[in-house]
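Chain residues, written in single-letter form:
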Amino acid sequence: MVKLAVIGKDVSQSTSPQIHNFIARELGLEMTYGRISIEESAFEDRIEELLSEYDGLNVTIPYKLSVIPHLKGVEGDAAAFGAVNTVLTSTRTGHNTDGLGFMQMLKAEGVDAAGKDVLVLGAGGAGRSVAKKLADGGAKVRIYDRNAQNAKRVSAEFNGVEAVDGVTVGNRYLIVNATGVGMHKSVGISPITEDIIAGCEVAVDLIYVPEKSEFLRIAEAQGKKIINGRAMLFYQAYYADCIYFNLTPSPEVATGLFAKYLKEVVK
């Protein structure tokens, strides 16, 4: 029995156990999956114990970067992004399935940002992943973070990503909220104003609880196409399970599983 869990500052509302258990059932995998919330002041004391106790960990806000010093190495997208969301503890290796999940979500929704202007809000682990994948796909990416140095670091690392000091009104194909603003204590708050949202065609929020953030509510009211992060969460979980169980990933299988998940679990 493979022992897995998601760790983050507050994962009390995380649907990761529900998703991973659904995937396990459908694919005939044997696992247990828990939620572990860790205060930032306690992270350094607890992470080593968790790496020894669990077979695999999914890592979310705000530990996608701080977990790396505790690993022996990072592979694939995790090396490119400098952020980890999946840890295989048997080898102490970090992986990142966020980008794969994000791009599959866009493709499934018919969103193609190649050659188009994109604004990414937030230059943390998820924002870095999103910005690089979009730029690799040919989008013209601008990234903003309240800490300007974070955005500048992402711009310096990844070709096709430009850091901006502020967010102004203008026409953009896609705006992605990767800040976390709009969930937990910031529910009801949008990271940007209505006039800025008005300039985009598609609004994507990586938040999935609540299902419709204030950012997406405003965008929908303006007639924009809106996407929340549920599909990305599901797809990155699928790719993480492929790592845990050494399975060859299949986008077609992932899409089919998500459709069934929506029908049977979310409804």
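Scroll up a little and you will see the structure.
A short tour of the structure in this document, coming up. These numbers come from a predicted model, not from an experiment.

Here we come to the pattern of salt bridges. Under the criterion given, the structure shown has 17 salt bridges. Residue Glu-214 is joined to Arg-217 by a salt bridge in which the shortest nitrogen-to-oxygen separation is 2.8 Å. Of this pair, Glu-214 and Arg-217 are both found in helix α8 (residues 214–221), three residues apart, which corresponds to roughly one turn of the helix. Put simply, Glu-264 and Lys-260 hold a salt bridge, and the shortest N to O gap is 3.9 Å. Remark: Lys-260 and Glu-264 occur in helix α10 (residues 251–266); sequence separation between them is four residues, near one turn of the helix. For Glu-264, a relative accessible area of 36% puts it in the partly exposed group.

Another point: the pairing of strand β2 (residues 31–37). As judged from the seven bridges shared by strand β1 (residues 2–8) and β2, these two strands associate in the parallel manner. Bridge pairing links Leu-4 to Tyr-33 in β2.

Reading the values: the criteria
- Residues numbered from 1 in each chain as written.
- Predicted model: local features only at pLDDT ≥ 70, side-chain atom pairs only at ≥ 80, totals over all residues.
- Heavy atoms only, no water.
- Salt bridge = Lys/Arg side-chain N within 4 Å of Asp/Glu carboxyl O.
- Helix = DSSP H or I, 4+ residues; strand = E, 2+ residues; numbered from the N terminus.
- Buried < 20%, exposed > 50% of the residue type's maximum accessible area, 1.4 Å probe, protein only.
- Pairing = 2+ DSSP bridges.

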